[in-house]
Each structure stands twice: as C-alpha cells, then as structure tokens.
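# An overview of the molecular structure
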Amino acid sequence: MSLTDDMKAGLQAPICLTWELTYACNLQCVHCLSSSGRRDPRELTTAEAEAVIDEIQRMQVFYVNIGGGEPTIRPDFWHLIDYSVDHDVGVKFSTNGSRIDARVARELAGADYVDIQISIDGADAATNDHVRGEGSFATALAAMDHLAEADFGEFKISVVMTRHNVGQLDQFADLAHRYGAQLRLTRFRPSGRGAATWHELHPSDQQQRRLYHWLLDRPDVLTGDSFFHLSALGEALPGLNLCGAGRVVCLVDPVGDVYACPFVLHDDFKAGNVRDEGGFERVWRSSKLFAGLREPQSAGACASCGEFDACQGGCMAAKFFTGIPLDGPDPECVNGYGKELVAAAAGAPRPLAGADHSRPSPVKFLGRR
Amino acid sequence: MTFDIDRAYRLNDRVALRPEPFGALAYHYGNRRLNFLRAHDLVAVIESLAEHDTVRSAFDAAGIAGSRRATFEKALASLAASDFLVAT
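This structure is a prediction, so every number in the text was calculated from the model and none was measured.

Assigned secondary structure in chain A consists of 15 helices and nine strands. Here the C-alpha radius of gyration of chain A, 20 Å, is about what a compact globule of 369 residues would show, namely 21 Å. Across the 369 residues of chain A, 49% fall into the buried class.

So, in structure tokens, the structure goes:
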C-alpha cells in the first residue's frame, strides 16, 4: 500500500477540515463557492460551535480552516478562535481583510497557532475588484499593511486563478515577497456563484500550461490539492495529488451540514449534520456517502487514457457542476477530453448549488418592485 | 546534529500522535508539520523511546528485526531533523 492508497481508504479524522462559520458576507464575489451573502438563521450557536471544537479536539483534528462567508462578521468569531486554540485545534482563517484593523492585527500577532489567509483575486485593483467588488483590493491591502506593521509574521495571500489573473503570477509572487507572506493559489471551481461565471473566468488551456510550469519552478507556492488535474502534463506538482473529498477532506457549513469537500455544497454530497445523534464523528466515520467515496473508484471513461494514474480523473466538484459524469474527465482535462462533454451539457439542466445565501442583486430588486 | 542510534531520544512534547489504520499521524504544533508513520511497530518504538537510554535498546525491546532497522533508523533520523524527536 502506498501513502496515496492509505489516504484513499480514508483516515480516522480529516486532515483538512474546512469550517464555514457564517453565510454572512460584506462582499459578493462572483465566484463565491458557497453563494454567501446573508446570514442563515439556523447557523450554529456559540455553544454548538464550541461543542464542534470539543469534538474535533477529541478526534485529534489538529487544525481547522475557517472560512465563510466572511467569518469575522460573527460576533463570537474571536471567542471561537481563542476557544479552538485553547483546545489544541490550531486555526487558519480566510478573510477579505475588512475587519483586520491595527488593533486586531496587534492581537493576532500575539496569538499562537493562528494563521491568516487574505484573499485577493487580482494583483491590481481593477483585476481584483472585477471579481470581488469595488474597493475590495484596497481593503485587503490595508489588512496586509496592518499585519505587517503589527509584526504578525508570515501570513498567507490566497488567490483563485482566473483567466484575468494568470498573467499576473509574477506580480502576486512579488506582492507576497514584499509582505514576507506565503502565496497560495487555488483552482477556480464552478461551485456556488462560480457556476454562472466559470465559463467566462476559468483559465484557458494555454494559461493552465503556463501555470503548471510556473508552479513546478516554485515548489514553495502553496496549492493544497488544487491542481492535481495538471499532473497529466508531466511530473506531479507538490501537494496532495488525489481528490481528498470524504477521505482526508470535508466541509462543515454554517448550519452544521457536513459535505464531502468545500466545493460541493449540494444535497448529493451532504453526509449528515453535526447536530445529528453521534455528531461530526459519526458522520465522518459512518456516513454512507463517505464510505462510498473511500471505496476504489472506477476510472470510467478515462480508463483507456494513459494519464489517468497521474490526474486521477480530476476534480469531482468541477465535473459535477459542469454536468460531466463523476467517472468522466475533468472539464479542464489537459488532453481536452472534457471539452466536448462540457459543451454537450451546456444546454442541459445542470445541478444547482444547495442553499443560496446571495443578497438580492439590485437588478433582481428592481425587477420585483 | 546527526542522528545517533546509541543516544536517547524522546517525542517532542509539542507533537501529538493520532492512531490510524496504517500506523499514526504525527502533528507538530510548533512547526505545523504533519508526518505519516506508516508502520505500527514504528509507532510503538517512537512511543517507547523515552523509556530507553538508546534507540538501539528501544529496537531490541520492540523486537525489530535487523533487516528493518536501517529503514526505521532513516525514519527516526528524519523525524529528529524536523524536531519531532528530541535528543535527551
């Protein structure tokens, strides 16, 4: 058995647990994978959130990736961070930076086991704000300035790769270098509001190849399990080269629903809820959905492709939300096998993301009046 | 510092071991690194290190066959290099 085989069979607890604390967000990014905007009245209470932390401490989940929505909007956010760290669960949280002022930055600089990830999706305001909304670039940079002034140390700058920002890779690296930050690049998935904008914003084939070679030259740039579908271009990129959904990865959403990964907020990939009897542990260890994902997967339509061992058929979420069968090729398959299927599915009804918490857009508002 | 099988080592206090079907996951709260320990007897040796004056004696007590000791030594040396094990 290889390490990859061990991971495919599932672990006793996730390695990478993402926990979205709230659907509330002050931004309306066009690619938001959780379609966030408005708070959900059923969101976990402080006591329920503490119980989740107690439980994942017992399961020895060593750290949690907190996101949203904009997690810092929750009034108990700072309390939950402290509670988590006090219970041996380290925290990395993603933020748009709007709440990171000078005082907060100083407090964060004094905290142990807290890691911060600031999201930008362009190396300049025009490119970033096109995706994340007007003023969001300036906000993110102000937060970075505060962290640098407070001597926080190495934070992370997180970028979703789009057609408009792949050309700015070197600028992102320079920006990270300037702040003494670590650059993290992730893949644009057609999830949440991203389903509607993916066709316009996902990188072209040529851009994917450029990104692959750029990453090969920079093993210090973090990518998680984002780009394993690019391994079919040659040697594997550093990081986890398999779909970790339900095996080493999962997502807990703000109302406590447990999904196989952060990119599949859809009933088909919902394994249970932390409020159910047996809690998160039972969902992780005994849910039918996760047991199925830990079974050997069929290579399906990709069985005859020589690259299957390298790319593993690509990303489950990317296939699902572009209407490709789960045992089919990735929509961004580097050999182009996904293209026809994406085109064929374009006219057919595609699965829609689960709960949509987007704020009503001004256009819709006018329409209803 | 090179790893020395005739010295005493122990697991760093900031490292937690999580049992897994293949052995254990080791997590270092200080440097936030994760290590996969992919043999149950390797985990047993690591857990017993503190009780022994030398790594060799921990190998003997756990009945680690001579043919596997080179592999184990390499794994322990790598753990010591990343601060998961500390010399005592």
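After that view of the structure, there is still more to cover.
The next point concerns the sheet that holds strand β2 (residues 15-20) of chain B. Residue and element names in this part refer to chain B. In spatial order, the strands read β2-β3-β4; together these three strands make up an open sheet with antiparallel pairing. Strands with a single pairing partner mark the edges of an open sheet, and in this sheet they are β2 and β4 (34-37). For this sheet the average axis-to-axis angle between neighbouring strands, irrespective of direction, equals 20 degrees. Of the pairings in the sheet, the one linking β2 to strand β3 (residues 23-28) comprises six bridges and is antiparallel in character. Residue pairing for β3: P19 is matched across the bridge by A24.

All names here are of chain A. Here G68 and G69 are connected by a cis peptide whose omega angle stands at 15 degrees. Structurally, G69 is set in the loop between β2 (63-67) and α3 (77-86). Although it is not a glycine, Q60 sits at a positive phi angle of roughly 60 degrees. Looking at where Q60 falls in the secondary structure, it is placed in the loop between α2 (46-58) and β2. Judged by local crowding, Q60 falls into the partly exposed class, with 18 C-beta atoms found within 10 Å. A positive phi angle, near 60 degrees, is found at D88, a position not held by glycine. With respect to the element layout, D88 can be found in the loop between α3 and β3 (90-95). Using a count of 17 C-beta atoms within 10 Å as the deciding quantity, one classes D88 as partly exposed.

Moving on, we get to the confidence of the model for chain A. Of the residues in chain A, 98% reach a pLDDT of 70 or more, and the chain-wide mean stands at 93. Contacts of residues 363-369 of chain A to residues separated by more than four positions or lying in other chains number one contact, the stretch itself having pLDDT below 50.

Residues and elements named next belong to chain A. Judged by pairing direction, the sheet is mixed, and its nine strands sit side by side in the order β6-β5-β4-β3-β2-β1-β7-β8-β9 without closing on themselves. Unpaired on one side and paired on the other, β6 (182-187) and β9 (270-273) mark the two borders of the sheet. For this sheet, the mean angle separating the axes of adjacent strands, direction not counted, is 25 degrees. For strand β5 (residues 156-161) and β6, the ladder comprises six bridges, and the chain directions are parallel. By the bridge assignment for β6, V159 is matched with L185. Along the sheet, helix α7 (residues 169-179) makes contact with β5 and β6, crossing β6 at roughly 145 degrees.

The next point concerns helix α2 (residues 55-62) of chain B. Residues and elements named next belong to chain B. Those residues of α2 that sit buried are V55, A58 and F59. Down the axis, α2 shows its buried residues gathered within 100 degrees of arc, on one side only. Positive backbone phi, approximately 65 degrees, marks G63, located one or two places after α2.

Rules and cut-offs
- Starting from 1, residues in each chain are numbered consecutively following that chain's sequence as written.
- Chains and ligands are labelled sequentially in the order written, the chains with letters from A and the ligands with numbers from 1.
- Predicted model: local features are reported for residues with pLDDT of at least 70 only, side-chain atom pairs are reported and counted for 80 or more only, and whole-chain, interface and lining totals are derived from all residues.
- Starting at the N terminus, helices and strands are each numbered in turn, a helix being any DSSP run of H or I of at least four residues and a strand any DSSP run of E of at least two.
- With C-alpha atoms as the basis for the radius of gyration, the globule rule is written as 2.2 Å multiplied by the number of residues raised to the power 0.38.
- Labels follow a simple rule on C-beta atoms placed from the backbone: if 20 or more others lie within 10 Å of a residue's own, it is buried; if 12 or fewer, it is exposed; otherwise it is partly exposed.
- Each pair of strands is called paired provided DSSP finds at least two bridges between the two strands.
- Working convention: axes come from line fits to C-alpha atoms, limited for helices to the stretch in contact. Angles between N-to-C directions cover 0 to 180 degrees.
- A residue's pLDDT is the predictor's confidence in that residue, given on a scale from 0 to 100.
- By the criterion used throughout, residues are in contact when their C-beta atoms, derived from the backbone, lie within 7 Å.
- The arc in question is traced by the directions running from the helix axis to the C-beta atoms.

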